[in-house]
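Report on the structure
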Amino acid sequence: MQTQPEGGFTAPNPHRPAETAADFTITQAWDAYTPEEHDRWRRLFERQAEILKDRAAPEFLAGLDALAIAADGIPDFRRLNDELSRRTGWQIVAVPGLVPEAIFFDHLAHKRFPSTCFIRREDQFDYIQEPDVFHDVFGHVPLLSNPVFADYMQAYGEGGLKALRLGTLDQLARLYWYTVEFGLIQTPQGLRIYGAGIVSSEGESRFSLESAEPNRLGFDVRRLLRTRYRIDDFQETYFVIDSYRQLFDATLPDFTPHYEALKTLPELEPGTVLASDRVFTRGTGRVKRH
Ligand code: PHE
Ligand code: FE
């Protein structure tokens, strides 16, 4: 999750070499993964695939399938890039961890998704605060095979560079948080998950759809740009889109009028429900701690 504060790097690791390029890219060193690391991926994959088969958005599951992101081990980025480039022109680039915002946005604007390549330790199996290769690849990469969502990610990168110039990154980051990381989508079968932060978490995959505690509210750009978020627990509010097209179209216009309006509008707390909100479910507000 790019917008989280940087976690401490752990032990020396072949996937986190000291030599990092100016754009922070490294090589994945796929041959250096140990059997234990591939096995950890397999177990994470199998657990999530089971939970998500009737919870994740159909386009996410289709992406997993199309890119053959499977239980056979940590994917080789070279193979994924062959698949992705044919579908949407995107590439995965390996990075050692969270990268500076300007670098991150520049990658996205050029259809490059920065992914970590180290896998969490066994004692972090259920929860890790910083992104690892399971979060980045299992969570984020499937939807990069969807043309409309992929275009949204690229536009977000350009919007991020602009927000940096305007000093409005705190607002824009909320949009990423509540869509790319923690978004829900409406389908004929009911609400489904598409956010990477949810699909890569066993607990939140259940909580986001089934718990009575959080709010589930309709997506609205200006509303999201005003809404603070919490990084230390499950979300108090999830925002629901109707389609990736809605997301793309709503975020296409110049955000300058939103940023101007936000100067005089109060920020909203994560649990707030407004009279103007389209309410799918109003939460009880008791949010479970990790
Ligand atoms: N249209 C936005 C702007 O002018 C850019 C953007 C696109 C932001 C998509 C987020 C997502 O800033
Ligand atoms: Fe993420």
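Values in this document were obtained by computation on a predicted structure and should not be read as measured data. (Residues numbered from 1 in each chain as written. Chains lettered and ligands numbered in written order. Predicted model: local features only at pLDDT ≥ 70, side-chain atom pairs only at ≥ 80, totals over all residues. Heavy atoms only, no water.)

Pairing in this open sheet of five strands is mixed, and the strands run S4-S3-S6-S5-S7 from one edge to the other. Sheet topology places strand S4 (190-193) and strand S7 (279-281) at the edges, where each strand pairs with a single neighbour. Strand-to-strand twist across the sheet, computed as the mean angle between neighbouring axes with direction ignored, equals 35°. Sheet topology note: the strand S5 (residues 215-218)/strand S6 (residues 237-241) ladder contains four bridges and is parallel. Within the sheet, the bridge partner assigned to Arg-216 lies in S6 and is Tyr-238. The strands touched by helix H9 (residues 202-210) are strand S3 (184-187), S4, S5 and S6; relative to S4, the strand with the most contacts, the crossing angle is about 155°. (Pairing = 2+ DSSP bridges. Helix = DSSP H or I, 4+ residues; strand = E, 2+ residues; numbered from the N terminus. Axes fitted to C-alpha atoms, helices over the stretch in contact; angles between N-to-C directions. Contact = heavy atoms within 4.5 Å.)

Attention shifts here to the pairing of S4. Note that S3 and S4 share four bridges and pair antiparallel. Residue pairing for S4: Gln-186 is matched across the bridge by Leu-191. Counting the residues in the hairpin turn of S3 and S4 gives two residues.

What follows is about helix H7 (residues 169-181). Burial within H7 is extensive, with 12 of its 13 residues counted as buried. For H7, the complete set of buried residues consists of Leu-169, Gln-171, Leu-172, Ala-173, Arg-174, Leu-175, Tyr-176, Trp-177, Tyr-178, Thr-179, Val-180 and Glu-181. (Buried < 20%, exposed > 50% of the residue type's maximum accessible area, 1.4 Å probe, protein only.)

Within the protein, the atoms that donate to the iron ion (ligand 2) are His-135 (NE2), His-140 (NE2) and Glu-181 (OE), at distances of 2.0 to 2.1 Å. Written as a sequence motif, the donor residues of the iron ion (ligand 2) are H-x4-H-x40-E. A residue pair is termed long-range when its members are at least 10 positions apart, and His-140 in helix H5 (residues 133-140) and Glu-181 in helix H7 qualify at 41 residues. (Donors = N, O, S within 2.8 Å, 3.2 Å for Na, K, Ca; no water.)

Attention shifts here to the packing of aromatic side chains. Here the structure, examined in full by the defined rule, presents 19 aromatic pairs. Each ring, one from Tyr-178 and one from Phe-239, has its centre 5.0 Å from the other, and the planes form 80°; the classification is edge-to-face. Of this pair, Tyr-178 sits in helix H7 while Phe-239 sits in strand S6, and the two are 61 residues apart along the sequence. (Phe/Tyr/Trp six-rings, centres within 6.5 Å; stacked < 30°, edge-to-face > 60°.)

With respect to spatial proximity, the complete set of residues near ligand 1 consists of Tyr-152, Ala-155, Tyr-156, Gly-159, Lys-162, Leu-172, Leu-175, Thr-251, Leu-252, Pro-253, Asp-254 and Phe-255. A distance of 2.6 Å separates a nitrogen atom of ligand 1 from a polar atom in the backbone of Thr-251. With respect to ligand 1, the backbone of Leu-252 contributes an N or O atom lying 3.2 Å from a nitrogen atom. Protein contacts shield 94% of the accessible area of ligand 1, which totals 320 Å² for the unbound molecule. One can see that ligand 1 is located within the largest pocket. For the shell around ligand 1, the per-class residue count stands at eight nonpolar, two polar and two charged. (Near = heavy atom within 4 Å. Polar contact = N/O pair within 3.5 Å; in protein donor to acceptor, adjacent residues only side chain to side chain. Areas by Shrake-Rupley, 256 points an atom, 1.4 Å probe, with all protein chains shown as cover. 1 Å grid on protein atoms, 1.4 Å probe; cavity = no way out; pocket = protein on both sides within 12 Å on 5 of 7 lines; lining within 4 Å. Sits in = over half its atoms within 2 Å of the grid points. Nonpolar A, V, L, I, M, F, W, Y, C, P; charged D, E, K, R; others polar.)

Right, let's talk about H5 for a bit. Of all the eight residues making up H5, eight are buried; the element is thus mostly covered by neighbouring parts of the structure. Inspection of H5 places Val-133, Phe-134, His-135, Asp-136, Val-137, Phe-138, Gly-139 and His-140 among the buried residues, and these make up the whole buried set.

Moving on, we come to the packing of helix H1 (residues 35-52) against H5. Here H1 crosses H5 at 40°, and the two axes come no closer than 12 Å. With respect to H5, the axis of H1 lies oblique. By crossing handedness, the relation of H1 to H5 is classed as right-handed. In this structure, H1 uses Trp-41, Leu-44, Phe-45, Gln-48 and Leu-52 to contact H5, whose residues at the interface are Val-133, Phe-134, Val-137 and Phe-138. Residues of the contact of H1 with H5, tallied by class, amount to eight nonpolar, one polar and no charged. (Parallel < 35°, antiparallel > 145°, perpendicular 65-115°, else oblique. Left-handed = near helix turned anticlockwise from the far one by under 90°.)

Once that is clear, we can look at the pattern of salt bridges. The full count for this structure, using the stated rule, is 26 salt bridges. One salt bridge in this structure joins Glu-83 and Arg-86, with 2.9 Å as the shortest N-O distance. Of this pair, Glu-83 and Arg-86 both sit in helix H3 (residues 77-87), three residues apart, which is roughly one turn of the helix. The residue Glu-236 makes a salt bridge to Arg-230 at a minimum N-O spacing of 2.6 Å. The same class applies to Glu-236 as to Arg-230, namely buried. Three or more residues are tied together by salt bridges with common partners; here these are Asp-39, Arg-40, Arg-42, Arg-43, Glu-46 and Glu-122. (Salt bridge = Lys/Arg side-chain N within 4 Å of Asp/Glu carboxyl O.)

For Thr-227, the position within the fold is in the loop between helix H10 (221-226) and S6. Setting aside its immediate chain neighbours within four residues, Thr-227 contacts Arg-174, Tyr-178, Phe-239, Leu-268, Glu-269 and Pro-270.

Bear in mind that shape data such as this cannot, by itself, settle questions of function.
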